[in-house]
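Listed below, chain by chain, are the residues.
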Amino acid sequence: KAGVTQTPRYLIKTRGQQVTLSCSPISGHRSVSWYQQTPGQGLQFLFEYFSETQRNKGNFPGRFSGRQFSNSRSEMNVSTLELGDSALYLCASSVADRNTEAFFGQGTRLTVV
Amino acid sequence: GENVEQHPSTLSVQEGDSAVIKCTYSDSASNYFPWYKQELGKGPQLIIDIRSNVGEKKDQRIAVTLNKTAKHFSLHITETQPEDSAVYFCAASEKTSYDKVIFGPGTSLSVIP
């Protein structure tokens, strides 16, 4: 069974640009969550999607957005990139029952220059 | 919202010794407490979890204890091995309409051969 796949693995962008990251969950998993990981802030929850609907949202500015498709694949978008957006962005999928294991992908390393 | 604290931030132990990582949470309604291990270049991986109706859970060399009254939970690793070296994150589910998982800041564990 394939794991959670995130693409691309690495990305370099310039301040002011926008970026789209992709996440393919484990087959059969309907919930996808996104996290930002930085050395100073740890793992910060961005948002969670289930059946194409955002169910939960963290405390991030509106420049961070996401969506989920009918096949459960998810994308997140960051507009008007800032240097502080440099981070590892992790996606996790689960079967969507409450309090079940979340499986993480390897992440996308975004560097903003 | 939920806030999770974790101590220590770094921990070094000799191979074969035990390691203990402690966490506290703020939301008394939280009822799910997973622990994740993250190795370099990989996404976090669930190693053990506990629910609020249980005080202790063990899986081979790993055990987790939960004190709901004090809002504390701890990870215990016995007979540590070099491959246990990684960053460990505790987490708690935030009791919203749909639970989201809030992570502690992490503990970097080094097992010295």
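This text goes with the structure placed above it.
Attention here is on the structure that accompanies the text.

The rules behind these values
Residues numbered from 1 in each chain as written. Chains lettered and ligands numbered in written order. Predicted model: local features only at pLDDT ≥ 70, side-chain atom pairs only at ≥ 80, totals over all residues. Heavy atoms only, no water. Contact = heavy atoms within 4.5 Å. Buried area = accessible area lost by both parts, 1.4 Å probe. Salt bridge = Lys/Arg side-chain N within 4 Å of Asp/Glu carboxyl O. Polar contact = N/O pair within 3.5 Å; in protein donor to acceptor, adjacent residues only side chain to side chain. Helix = DSSP H or I, 4+ residues; strand = E, 2+ residues; numbered from the N terminus. Buried < 20%, exposed > 50% of the residue type's maximum accessible area, 1.4 Å probe, protein only. Pairing = 2+ DSSP bridges. Axes fitted to C-alpha atoms, helices over the stretch in contact; angles between N-to-C directions. 1 Å grid on protein atoms, 1.4 Å probe; cavity = no way out; pocket = protein on both sides within 12 Å on 5 of 7 lines; lining within 4 Å. Points joined across faces, edges and corners; volume = space filled by probe spheres on them. Nonpolar A, V, L, I, M, F, W, Y, C, P; charged D, E, K, R; others polar.

## Let's talk about the interface of chain B and chain A
Opposite the 20 residues of chain B that make contact, chain A presents 19 residues. Summed over both partners, the interface of chain B with chain A comes to about 1700 Å²; 49% of that surface belongs to carbon and sulfur atoms. Linking chain B with chain A are zero salt bridges. Linking chain B with chain A are three residue pairs in polar contact (both at pLDDT 80 or more). Elements that contribute at least two residues to the side of chain B that touches chain A include exactly strand 4 (32-38), strand 5 (45-51), strand 9 (86-94) and strand 10 (100-103) of chain B.

## Points about the environment of B:R51
Residues and elements named next belong to chain B. Assignment of secondary structure puts R51 in strand 5. Relative accessible area serves as the criterion here: at 33%, R51 is assigned to the partly exposed category. Between the alpha carbons of R51 and V64 there is a distance of 10 Å; along the sequence they are 13 residues apart.

## Some thoughts on the sheet that holds strand 8 (residues 72-77) of chain B
Residue and element names in this part refer to chain B. Reading across the sheet, the five strands line up as 1-3-8-7-6 and stay open at both edges, with antiparallel pairing between neighbours. In this open sheet, the two strands that pair with only one neighbour each are strand 1 (4-7) and strand 6 (56-59). Shown here is a sheet whose adjacent strand axes are inclined to one another by a mean of 15 degrees, direction ignored. Inspection of the sheet shows strand 7 (residues 62-67) paired to strand 8 by six bridges, in the antiparallel sense.

## Observations regarding the layout of surface pockets
Its volume calculated, the largest pocket comes out at about 610 Å³. What lines the largest pocket is a set of 29 residues, and nearest its centre among them are A:Q37, A:R109, B:Q38, B:L40 and B:V87. At the level of secondary structure, the elements contributing two or more residues to the lining of the largest pocket comprise strand 4 (31-38), strand 9 (87-94) and strand 11 (108-112) of chain A together with strand 9 and strand 11 (107-112) of chain B. The calculated volume of the second largest pocket comes to roughly 410 Å³. Lining the second largest pocket are 19 residues, with A:L43, A:Q44, A:F45, B:E2 and B:I102 positioned closest to its centre. Those elements giving two or more residues to the lining of the second largest pocket turn out to be strand 5 (42-50) of chain A together with strand 10 of chain B. Tallied by class, the residues present in the lining of the second largest pocket amount to eight nonpolar, eight polar and three charged.

## Focus: the pattern of salt bridges
Residue and element names in this part refer to chain A. By the definition in use, this model includes ten salt bridges over all chains. Here E82 ties to R63 by a salt bridge, and the two come within 3.6 Å at their closest N and O atoms. A residue pair is termed long-range when its members are at least 10 positions apart, and E82 in the loop between strand 8 (74-78) and strand 9 and R63 in the loop between strand 6 (53-57) and strand 7 (64-68) qualify at 19 residues. A residue is classified by how much of its surface remains accessible, and E82, at 43% relative accessible area, is partly exposed. For R63, a relative accessible area of 16% corresponds to the buried category. Measuring nitrogen to oxygen at the nearest pair gives 2.8 Å for the salt bridge that ties R63 to D85. Note that R63 is positioned in the loop between strand 6 and strand 7 and D85 in the loop between strand 8 and strand 9, a separation of 22 residues in sequence. Among the residues examined, D85 registers a relative accessible area of 4% and is labelled buried. Overlapping salt bridges, with partners in common, bring together R63, E82 and D85 in one network.

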